[in-house]
Every structure is written in structure tokens, then in C-alpha cells.
Amino acid sequence: MKSFVHFNTRSVDEAIHLLKKYEGKAKINAGGTDLLGVLKDRILPEYPEAIINIKTIPGLSMIEDGEEKILIGALTTLADIINSSLIEKTFPLLKEAALSVASPQIRNVATIGGNLCQDTRCWYYRYPDGIGGRINCFRKGGKTCPAVSGENQYHAVIGAKKCYAVCPSDLAVALTALGANLTIAGQKGVRTIPVEEFYHPLGNTLSPDEMITAIHIPKPFPVARQTFHKFTLRKPIDFAVVSVSSLIFLDQEICTSSRIVLGAVASAPFRAYKAEEFLKEKKLSAKTAEEAARLALDGSKPLAKNAYKVEIAKTLVKRAVQGTE
Amino acid sequence: MTSIPKKHPPHTLSLTVNGETHSFILGKGPNEVSPSHTLAQTLREKLGLTGTKISCDRGACGSCTVLLNGKAVFSCMLLTVECEGKEITTIEGLSDPKTGNLDPLQQSFIDHTAFQCGFCTPGIIMSTKALLNTNPSPTVDEVKEALSGNFCRCISHYHVLDAVMDVVKKEGNQ
Ligand SMILES: Cc1cc2nc3c(=O)[nH]c(=O)nc-3n(C[C@H](O)[C@H](O)[C@H](O)COP(=O)(O)OP(=O)(O)OC[C@H]3O[C@@H](n4cnc5c(N)ncnc54)[C@H](O)[C@@H]3O)c2cc1C
Ligand code: FES
Ligand code: FES
């Protein structure tokens, strides 16, 4: 890796101060499982001058139980989330999502904050500069997205315009289904934003001097049925081809309300509002599941090689609605 | 707001590998450790511990697996400067330092010929070690899960499972 100046920070204030000082030319390092790959392949428009280690900040790795919500510190590892009995009991879908990520070695190190902020895995965007020269795709400041007419089997099927890369984070999908909020600290102070509004088509809404400090997840009340389904070719290591996470509030067999979120189909976790609306006050059956699945993917516009993703997404929505594996 | 130190600390770095502490000067010189070095690089190039292999160098194959405070991690995805104060164990640290006897797990791999080219083997043994440290009597499925981040292109998996389960039978409670 090309060199950089390295800081071990002791506080959120210090990290923000450094981010501000380097004016966009510094990167935060949490677990490093995404960032180090990005640095090795030199895919960022500008190679960072400084790397700011935030693992040395005390107090950001914790899971705290509250009356109405659970607070997870940004530095909490995916392994800690998986091993928490509180998470298993309260948010089984979050445990499932964390367990589906990469491999044990990655989960021992990768943090929830880093998982949410990881860069896209589009193979044109990630193409290493060192092999045959840089692919200047739209996301890197180029004019077009090579996936549109190229190899697009894993790209977006809904809502994409200039860039067809998908959001790779499984936890983002799970946390959107759970209606979680992020606490973000920056030079201007602290703000809160729903995970659902955190992403935009070319990344996330963090400004260069901001970092996530915590994730707040409301406890579903009354108790809701939770699911996280992820389709991959191999079980370990693979990113989602499609995932679906859902929170379904039931009164007997009748759905009172729901949150159904699709992953790896768009640049952000995609909330299937039309399906949610349709399911309201409906009895959950094979027929309603079928219609919910159709509505969830209504308006999808697959590319030449990824129409199959629409069918997989429908199947996963059906499974989520029916509560089948 | 905390003030930012003027110089970039630390200028020296101490690493504890297999129970021994090593000191390095941070910098770009031939005998120094750069802030951008990965732990895998430092282990191999500065400490000569070449049992840890680098294959994909992107966190996808498992051949660089070492233990960090007892947990299996990819040394290719960790910055050496961020490992200060941690206990690092590599494949070289498994044998008995006094007698030189191999760890029973290593011996079992030999007895079951649980490798072909052997490039993935140190990583697989380290992942297994991390599992057995916390769970001395795992089921086959638990072993498979613990090894799900270790790839072997020679298809030694079946012999690996035999080697591991044999150790579990002898040393664990099954
Ligand atoms: C082989 C492989 C397979 C994978 N499979 C999956 C998968 O199936 N599903 C999935 O979801 N992920 C997958 N990943 C990605 C992995 O989950 C992420 O690399 C990891 O979660 C990132 O966490 P980290 O702490 O290591 O982040 P880092 O690498 O430290 O950081 C990632 C990015 O986030 C920024 N960042 C980190 N923390 C913060 C913060 N608190 N505030 C603001 N910015 C921050 C960093 O600056 C950096 O840009 C895979 C990765 C690999 C290598
Ligand atoms: S070399 Fe580290 S995971 Fe492949
Ligand atoms: S024995 Fe050759 S890669 Fe595993």
C-alpha cells in the first residue's frame, strides 16, 4: 500500500478535528476490512494523505439496552452483535444479517459503522488501477456507467439512473427494516438520521468531517415477525445477489403493518412501500404473498443480464410474507 | 476539543508475536515498519515468520489467518501500527518452545495428510485453533462454520475435517 500519515485517535472530537484539518484527504479506519482493499487497489479519486484509526476511541464498542430502544456503538464488531443474547432475543433479523456477512475472520474485526459506510463492490468501480489502467466509471467522475452495456448480472434492477452499482451492506438492509437511526457527529455538532435516508445514489450523506458514533434501534412493539433472507451462490464470503428483510406486525393472521426492505437491487436499501400498503389489514396467505411480491418489484427495470434478480427478489418477498424459509 | 499532538505518534512500535516482544521504528527505511504495512507483511518481511501466507491480499481466502488476542483474523487486512499491545499468534507459535514438539493439531494434519500444496494450511490450522480455544468439543458443522473463511484450491477439506475431528475426539469431550 502507498504510504500515509497514521493517527490513533482517543476521542470523537479528536477524530473530527483531524477529518476537518485534512479537508476530505483523510479516511477513518475502523476494522479496515473494506478500507484496506480500497487503498490497495487505489480506487478512490484521491489517495488519502491520512488514516485515522478510531478503534482507539474508548466507549464506542458497546450494546446498551434501553426501555424503548437498543443502542449499538459504531465500533461494535459483527461478532459481538452475533454473540449478544440481547440482540438475538430482540432483533433476530439483525443477528441473521450479521451472521451472513463474509467469514468468521472478517466478522471478528468488521464493525457495524464500517459495514454501513463500506464502498460499493461494483466490479467496474473496484477495478484495480494497477491492472491495465483505471476504469473511469460515472461514480469515479467519468461520463458513463460501464455496467449498462457491460457485465451487469449483479447490478441494480430498480431506480438506478447514472450509476448502476448496488449498496453492498447487509446490515443496512436489516437496520432499514428495523427503522433504526444513526447518530452522526461532525464539526457542526451531532445529528440523527434514519438509516433509510442515509444513502444517496453515489454513496452516503456523510460530509468529510463527519462520522457515525452510534446506531439506535427501536424495539418493535407489539412484537413483530422478523426475517432476513439473503440469496448468494456460496454461503460464506459472497455478497448478496438479492436480500430481503422484513418486520411484519400481526394480529392473529392479519397484518396490521409491515416494513419490507430489499437489498442489492438498488443504490440503497429499497423499501417496498407498495407491497407494505397492500398488505395492511390483509390475511397473510400464498395469494397475498404473491401480490405483495409483484408490487414490491413493480417498476423494476432490469438490465440485459440481471432480470433473474427480479425473480429471486419476488421469491424472497413471498417467503418473508409467508414466514417460510 | 482535544488538541492534536504536533508529531505523529507513535514513532516506535512494539509488537508481541508468539510471546516475544519486538520493537520497530516507524518509517519508510529498509528496517522500519511503514504505517501502511499490513500485519501479514510485517510478519513475513520483518520478522521472517513466513508460515503466514499471503494469497489474495484482500480478505477473501484465509491463508493469512493469525490469532489476535485469541481470535482468528486476516493479517492482510490489519495495519501493523494498529496491532500494538495485542497478542499475536502465528503458526510458528503453536509448537512447544522448549521441546519443539508440534501442537496436537499440527500433528493430526500430518497424520491425516490434510493438505496437498499446503499453502492454505497454516491459515486453516490457525482458524481451527481459535475455534478449539473457545470450544474444545465442536461438532462437524461448527468446524465447517469456523473454517468457512479458509479456501483450499487443492480440495483438502475432507482430510482437514478428519484431522480436526480426530483431535477433538482425543482432546475434547466427544
Ligand atoms: C471477502 C469479503 C466478503 C464480504 N462479504 C460481505 C457481505 O456478504 N455482506 C456485507 O454486508 N459485507 C460484506 N463484506 C464487507 C464487510 O462487511 C465490510 O468490509 C466491513 O463490514 C467493514 O467494516 P470495517 O469496520 O472493517 O470498516 P472499514 O474498512 O474500517 O471502513 C469502511 C469504510 O467506512 C468508513 N467508516 C468506518 N467506520 C466509520 C464510522 N464510524 N463513521 C464514518 N465512516 C466510517 C471508512 O472510512 C471506510 O471508508 C465483505 C468483505 C470482504 C473482504
Ligand atoms: S491473503 Fe489475507 S485473506 Fe487472502
Ligand atoms: S492444500 Fe493447496 S490450497 Fe489447500
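Along each chain, the written sequence defines residue order, and numbers are assigned to residues from 1. To label them, take the chains in the order written and letter them from A, then take the ligands in the order written and number them from 1. Two thresholds apply to this predicted model, a pLDDT of at least 70 for residue-level local features and 80 or more for giving and counting side-chain atom pairs, whereas whole-chain, interface and lining totals are computed over all residues. Computation of side-chain values covers all heavy atoms of the structure but excludes hydrogens and water.

Enquirer: How should the interface of chain B and chain A be read in this particular structure?
Expert: Bring the parts together and some accessible area is lost; that lost area is often taken as the interface size. It only takes one pair of heavy atoms within 4.5 Å for two residues to be counted as in contact. Facing the 35 residues of chain B at the interface are 38 residues of chain A. By convention in these notes, a salt bridge is any Lys or Arg side-chain nitrogen within 4 Å of a carboxyl oxygen on Asp or Glu. For the interface between chain B and chain A, the tally reads five salt bridges. With its nearest N and O atoms 2.5 Å apart, the salt bridge here joins E82 of chain B to K55 of chain A. Pairing of N or O atoms within 3.5 Å defines a polar contact, subject to two protein rules: one partner must be a possible hydrogen donor and the other a possible acceptor, and residues neighboring in sequence count only if both atoms are side-chain atoms. Between chain B and chain A we count 13 residue pairs in polar contact (both at pLDDT 80 or more) in total. Residue assignment for the side of chain B that touches chain A shows that the elements contributing at least two residues are β4 (71-74) and α4 (140-146) of chain B. It is β4 of chain B that provides the largest number of residues to the side of chain B that touches chain A, a total of four residues. Charged means Asp, Glu, Lys or Arg here, nonpolar means Ala, Val, Leu, Ile, Met, Phe, Trp, Tyr, Cys or Pro, and polar covers whatever is left, Gly included. Of the residues assigned to the side of chain B that touches chain A, the class counts are 17 nonpolar, twelve polar and six charged. The way it works is that DSSP assigns letters per residue, a run of H or I at least four long becomes a helix, a run of E at least two long becomes a strand, and they are numbered from the N terminus.

Enquirer: Help me understand the domain arrangement of chain B, please; the structure alone is not making it clear to me.
Expert: Residues and elements named next belong to chain B. By the assigned domains, chain B splits into domain 1 (12-93) and domain 2 (104-170). Each of domain 1 and domain 2 has a C-alpha centre, and the two are 22 Å apart. If you look at the interface, domain 1 gives 18 residues, while domain 2 gives 14 residues. By buried area we mean how much accessible surface two parts lose on assembly, using a 1.4 Å probe and totalling the loss over both. Taken together, the two surfaces of domain 1 and domain 2 that pack against each other cover about 1100 Å², and 66% of this comes from carbon and sulfur. For the pair domain 1 and domain 2, the number of links is zero salt bridges. Along the contact surface separating domain 1 from domain 2 lie three residue pairs in polar contact (both at pLDDT 80 or more). Those elements that place two or more of their residues in the side of domain 1 that touches domain 2 are β3 (65-68) and β4. As annotated, the domain borders come from an automatic or database domain assignment.

Enquirer: Explanation requested: the packing of aromatic side chains in the structure shown.
Expert: Each aromatic ring pair is summarised here by two numbers: the centre-to-centre distance and the angle between the ring planes. Residue and element names in this part refer to chain A. Pairing of aromatic side chains here covers Phe, Tyr and the six-membered ring of Trp, requires ring centres within 6.5 Å, and sorts the geometry by plane angle: under 30 degrees stacked, over 60 edge-to-face, intermediate tilted. Enumeration according to the criterion identifies three aromatic pairs over all chains in this entry. With a centroid separation of 5.0 Å and 75 degrees between ring planes, the pair formed by F198 and Y199 is classed as edge-to-face. A relative accessible area of 0% means that F198 is categorised as buried. By relative accessible area, Y199 is classed as buried at 11%. Directly above the ring of Y125 sits R139, whose terminal nitrogen or CZ lies 5.6 Å from the centroid. Three exposure classes are used, based on accessible area relative to the maximum for each residue type with a 1.4 Å probe and protein chains only: buried under 20%, partly exposed in between, and exposed over 50%. Charge over a ring is defined by NZ of Lys or CZ of Arg lying within 6 Å of the ring centre and within 35 degrees of the ring normal.

Enquirer: Looking at this model, I keep getting lost on the pairing of strand β2 (residues 26-29) of chain A. Mind explaining?
Expert: Along any regular strand the residues' side chains alternate between the sheet's two faces. All names here are of chain A. In the sheet, β2 pairs with strand β3 (residues 50-53) via four bridges, with the strands oriented parallel. Note on β3: the bridge partner recorded for I28 is I52. A clockwise course of the path from the first strand over the helix to the second, judged with the strands pointing away from the viewer, identifies a crossover as right-handed. Tracing the backbone out of β2, into helix α2 (residues 35-40) and back to the parallel element β3 gives a crossover that is right-handed. Each pair of strands is called paired provided DSSP finds at least two bridges between the two strands.

Enquirer: Explain the sheet that holds strand β13 (residues 254-263) of chain A here, please?
Expert: Working definition: the strands of a sheet are paired by backbone hydrogen bonds and lie parallel or antiparallel to each other. Residues and elements named next belong to chain A. Within the open sheet, the four strands sit side by side as β11-β12-β13-β14. Their pairing is antiparallel. The open sheet has two edge strands with one neighbour each: β11 (225-231) and β14 (270-271). By the bridge criterion, two bridges tie β13 to β14 in an arrangement that is antiparallel. If you follow V261 over to β14, its bridge partner there is R271. Between the N-to-C directions of two axes lies an angle of 0 to 180 degrees, each axis being a line fitted to C-alpha atoms and, for a helix, fitted only over the stretch in contact. Packing against the sheet, helix α5 (residues 92-99) makes contact with β11 and β12 (242-251), and its axis sits at approximately 15 degrees to β11.

Enquirer: Would you mind showing me how to read helix α5 (residues 157-171) of chain B here?
Expert: Counting along an α-helix, one turn takes 3.6 residues, and residues three or four places apart therefore face a common direction. Residue and element names in this part refer to chain B. In this analysis, the expected span of each helix is defined as 1.5 Å times one less than the number of residues it contains. Along its 15 residues, α5 runs 21 Å from first to last C-alpha, staying within 8% of the 21 Å computed at 1.5 Å per residue. Along α5, the positions that sit buried rather than exposed are V160, L161, A163, V164, M165, D166, V167 and V168. For α5, the secondary structure elements touched by its buried residues are α2 (104-111), α3 (121-134) and α4.

Enquirer: Any chance you could explain the site of ligand 1 here in plain terms?
Expert: Not every one of the 36 residues close to ligand 1 is listed here, only the nearest: I28, T33, L35, T111 and D170 of chain A. Only heavy atoms are used to decide nearness, and a residue is near a molecule or strand if one of them lies within 4 Å of it. In this structure, ligand 1 sits where chains A and B come together, each supplying nearby residues. At 2.7 Å, a side-chain N or O of T33 of chain A approaches an oxygen atom of ligand 1. With respect to ligand 1, the side chain of N115 of chain A contributes an N or O atom lying 3.0 Å from an oxygen atom. Going through the elements one at a time, β2, α7 (112-117) and β10 (211-218) of chain A are the ones with two or more residues in the shell around ligand 1.

Enquirer: Explain the environment of R234 of chain A here, please?
Expert: Residues and elements named next belong to chain A. Positionally, R234 belongs in the loop between β11 and β12. Assessed through its relative accessible area of 44%, R234 is described here as partly exposed. Side chain to side chain, R234 and D238 meet in a polar contact 2.6 Å long.

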